[in-house]
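# Remarks on the overall topology
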Amino acid sequence: MGSEGVGAGQRYTGRYLLVLGEDLRGDDDASCTAIRELSGAEEVTNTRDAERGAAPRTHPTFFAELGVAVADLTAQQLSTARADRRLLGVEPERVQRAIGVPRFGAAPGGSLSEEYLRGFRDAAQFLHATAAGAGTAAVAPAQFGDTDELTWGLQATGVAEAPETGAGVAIAVLDTGLDLAHPDFAGRNIEARSFVEGQEPQDVQGHGTHTTGTACGALTPGTGRRYGVAHEARILVGKVLGDDGSGTDADILAGMSWAISAGARVISMSLGADLQEVSTAYETAGRRALEAGTLVVAAAGNNAERGAGNPGFVGVPANSPSIMAVGAVDVALAIADFSAASSSVDGGQVDIAAPGVDVYSSWPAPQNTNTISGTSMATPHVAGIAALWSQRTGATGQQLWTQLVQAAQRLPLPATDVGAGLVRAPGA
C-alpha cells in the first residue's frame, strides 16, 4: 500500500519488514536471493542499484545500506520467514506520523486538526488543575524569550555563541519535504528527494519546512529573527511523510538508506508511532547508521498529558537504543506538558532535551514563518547542534552521540524526562 492510501487511523499497511542478519551484511546478491525465496517474488528492487525515490509497491524493496527489506507475505510465507535463521526479525510495516502541535491549529484544508484539539484539551486540563490547586507544581518563570535577533531556542542552547556554522556537514531532514522556493533557503546547497509515491519533495503540509528551518535555516533571514542552527550545512531533504503528514516504514527506511549513501552525518526524524515496543528494523537501521558514521535523532513523542498525570512514553522509532530520543522543554526549561517520558522497554529512554514549545521557524509560502510546538520542534535543534559539533571535532556516529550527551546542560529534572539534559552548542 502506498502512502497515498494510508487512512487517518491506520496503524499498519499489511506488508512486512524483513531484517536481514549479519551473515548477509554487505552481500547484496545473497540478500536479494533470500528476499526472493521468502516472498516468492521474481524481482527485488535494491536501493543501491535503483534510482532513489519512492519504493515500488509491486515487488519487494531491499534497503541495502540498512540491511532491511519490505515485502508482501502470505500467512504461510510469514510463518516461514519468522523461522528463517537468516533474519534477525520480521515485523508488520507501520504507519508513522509527523509529531507537532501548530499554534494556530489549522490542518491542511483549514479545519482544526486532531492534534490541535488534543493539545487544546490538554492545556485546558493543565490550567484547570493549576487553578484548582490540584497538586500541580507552580509554573516556573520564563528564562528565555524570542528577541528581534534570535529565537529563544537558539539563545537557550548557546547557538549564537558558537563559531561553527555546519559548513562541510550534511544534515538529512526526513519529514514532509521543504518549500523549495522559500526565500530563506535561496542559494543553499540542497538535495531533495521524495520517497512518497506520487508526490514531489515540495512541502505543502508545513511540518518539514519548519523542522528543516530549525536545523539548517539562514543566519540572516529575509525578515524576522534568526531561527536556524547550522546555517551553512548541506541540506538533504527526504520527503518520507505525505501531504497529510503520514507515511510508511518503507518510505522512512528508504529515506534513511538514501541519507546514509548521500553522506549525511546527522539524520533528523520528527515523526513516530505511539507503540510501546522496540522495532528490530529501526534498531538495526540506527545501529548500522552509527557504524556508517551517521547519527539518527528522533522525536520522543507528544503522547504525554502531564497536567492530567499522564507522562506518556517514547514511541517508535525513538525508543530504539541506537536512535537518540529527544524530549521537549519550554522557555522556563521545564518539561513540556506533551513531551513523552522514558518508557520501560529496552532502549526506550529519553536521551537528551531541546527547546520544543512555541518554536518560531520557516513555513511554506505565503506565510513563510510559523510558531508551533512539539518534540518535533526539539529534534532539529539537536540535529543542527550535532552538525556544529561534528564540524568542530570531526566526530561522527557514536562519538558524536557521546559528545552531545557529555556537553548537555544538566537540568533539575528527572533523567526519565530529559535524559542527559539540555543540548548545548560547542563553545556555549
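Predicted model, so just to flag it, every value in this text is computed and none were measured.

Moving on, we come to the overall build of the protein. A count of helices and strands for the protein gives 10 helices and 17 strands. A total of 428 residues make up the protein; the buried ones form 62% of that total. Sequence-distant contacts in the protein: of pairs separated by 6 or more residues, those separated by 24 or more amount to 78%. Put simply, the protein shows about 15700 Å² of open surface, and 50% of that area lies on carbon and sulfur atoms.

Here we take up helix H6 (residues 249–261). Here H6 contains 13 residues, and its C-alpha end-to-end distance of 18 Å stays within 8% of the 18 Å for a straight helix at 1.5 Å per residue. Residues Asp 249, Ala 250, Asp 251, Ile 252, Leu 253, Ala 254, Gly 255, Met 256, Ser 257, Trp 258, Ala 259 and Ile 260 constitute the buried set of H6. Phi turns positive one or two residues past the end of H6, at Gly 263, with a value near 90 degrees.

Among the nonpolar cores identified, the biggest contains 45 residues, and Ile 171, Leu 295, Met 324, Ile 352, Val 382, Ile 385 and Leu 404 are the most heavily contacted of them. Put simply, the parts of the chain that give this core at least two residues each are strand S7 (170–175), helix H5 (207–216), strand S9 (234–239), strand S13 (295–299), strand S14 (324–329), strand S15 (352–355), helix H8 (375–393) and helix H9 (397–407). Ranked by residue count, the leading element in this core is H8, at 8 residues. Once residues within four sequence positions are removed from consideration, Ile 352 is found in contact with Met 324, Ala 325, Val 326, Gly 327, Val 382, Leu 404, Ala 408, Val 418, Gly 419, Ala 420, Gly 421 and Val 423. Counting residues in each nonpolar core, the second largest holds 42 residues, with Leu 17, Leu 275, Val 296 and Ala 318 among its members.

To continue, consider the packing of aromatic side chains. For the structure on display, the rule yields 2 aromatic pairs. Judged by centre distance (5.5 Å) and plane angle (50 degrees), the rings of Phe 195 and Trp 258 are tilted. Placement of Phe 195 in the loop between strand S8 (190–194) and H5 and of Trp 258 in helix H6 is noted, with a sequence separation of 63 residues between them. Summarising the aromatic geometry, the rings of Tyr 227 and Tyr 360 are spaced 6.0 Å apart at their centres and angled 70 degrees between planes, so their arrangement reads as edge-to-face. On the criterion of sequence distance, the pair formed by Tyr 227 in the loop between H5 and S9 and Tyr 360 in strand S16 (residues 359–362) is long-range, its members being 133 residues apart. The positively charged end of Arg 225 is found above the aromatic ring belonging to Tyr 360, 4.5 Å away from the centroid.

So, on to the environment of Val 326. Looking at the secondary structure, you find Val 326 in strand S14. C-alpha of Val 326 to C-alpha of Ala 298: the two residues are 28 residues apart in sequence and 6.1 Å apart in space. The contacts of Val 326, once residues within four sequence positions are left out, are Val 297, Ala 298, Ala 299, Ala 300, Ile 352, Ala 354, Thr 375, Ala 378, Thr 379 and Val 382.

Turning our eyes to something else, we now look at the sheet that holds S14. In spatial order, the strands read S8-S9-S7-S11-S13-S14-S15; together these 7 strands make up an open sheet with parallel pairing. If you trace the sheet from one side to the other, it starts and ends with S8 and S15, each paired once. Going across the sheet, the axis of each strand differs from the next one's by a mean of 25 degrees, ignoring polarity. Here 4 bridges tie strand S11 (residues 266–269) to S13, and the two strands are oriented parallel to one another. What sits directly across from Ile 267, in S13, is Val 296. On the sheet, H8 packs against S7, S11, S13, S14 and S15 and is oriented at approximately 120 degrees with respect to S14.

This next bit is on the confidence of the model for the protein. Averaged over every residue, the pLDDT of the protein is 89; residues scoring 70 or more account for 86%. Residue range residues 1–5 is modelled with pLDDT below 50. Its contacts to residues more than four positions away, or to other chains, number 17 contacts. Between residues 101–139, whose pLDDT stays under 50, and residues either more than four places distant or in other chains, the model counts 43 contacts.

Now for the environment of Thr 223. Looking at the secondary structure, you find Thr 223 in the loop between H5 and S9. Residue classification places Thr 223 among the exposed positions, given a relative accessible area of 59%. Linking Thr 223 and Pro 183, residues 40 residues apart in sequence, is a C-alpha distance of 9.7 Å.

Our focus in this paragraph is H5. Burial within H5 is extensive, with 10 of its 10 residues counted as buried. Turning to H5, its buried residues number three or more, namely His 207, Gly 208, Thr 209, His 210, Thr 211, Thr 212, Gly 213, Thr 214, Ala 215 and Cys 216. Taken together, the buried residues of H5 touch strand S5 (87–98), S7, S9, S16, strand S17 (369–373) and H8.

A negative phi angle is the norm for most residues apart from glycine, just as the trans form is the norm for most peptide bonds. The omega torsion across Val 316 and Pro 317 is 5 degrees, close enough to zero to call that bond cis. One can find Pro 317 in the loop between S13 and S14. With an omega of 5 degrees, the peptide bond running from Ala 365 to Pro 366 counts as cis. Inspection of the secondary structure assignment puts Pro 366 in the loop between S16 and S17. Phi angles above zero are rare outside glycine, and Asp 358 is one such case at about 50 degrees. Inspection of the secondary structure puts Asp 358 in the loop between S15 and S16.

Moving on, we get to the pattern of salt bridges. This structure, assessed with the given rule, holds 18 salt bridges. Across the pair Glu 91 and Arg 94 runs a salt bridge, and its minimum N-O distance is 2.6 Å. Note on accessibility: Glu 91 and Arg 94 belong to one class, buried. Members of the salt-bridge network, linked through shared partners, are Glu 22, Arg 25, Arg 287, Arg 288 and Glu 291.

Okay, the packing of H5 against H8 next. Between H5 and H8, the least distance of the axes is 7 Å, while the angle of their chain directions is 35 degrees. When the axes of H5 and H8 are compared, the crossing they make is right-handed. For the pair H5 and H8, the contacting residues are His 207, His 210, Thr 211, Thr 214 and Ala 215 in the first and Ser 376, Met 377, Pro 380, His 381 and Gly 384 in the second. A breakdown of the residues in the contact of H5 with H8 according to their chemical character gives 3 nonpolar, 7 polar and no charged.

What counts, and where the lines are drawn
Residues numbered from 1 in each chain as written. Predicted model: local features only at pLDDT ≥ 70, side-chain atom pairs only at ≥ 80, totals over all residues. Heavy atoms only, no water. Helix = DSSP H or I, 4+ residues; strand = E, 2+ residues; numbered from the N terminus. Buried < 20%, exposed > 50% of the residue type's maximum accessible area, 1.4 Å probe, protein only. Contact = heavy atoms within 4.5 Å. Areas by Shrake-Rupley, 256 points an atom, 1.4 Å probe, with all protein chains shown as cover. Expected span 1.5 Å × (residues − 1). Core = buried A, V, L, I, M, F, W, Y, C linked by side-chain atoms within 4.5 Å. Phe/Tyr/Trp six-rings, centres within 6.5 Å; stacked < 30°, edge-to-face > 60°. Lys NZ or Arg CZ within 6 Å of the ring centre and 35° of its normal. Pairing = 2+ DSSP bridges. Axes fitted to C-alpha atoms, helices over the stretch in contact; angles between N-to-C directions. pLDDT = per-residue confidence, 0-100. Salt bridge = Lys/Arg side-chain N within 4 Å of Asp/Glu carboxyl O. Left-handed = near helix turned anticlockwise from the far one by under 90°. Nonpolar A, V, L, I, M, F, W, Y, C, P; charged D, E, K, R; others polar.

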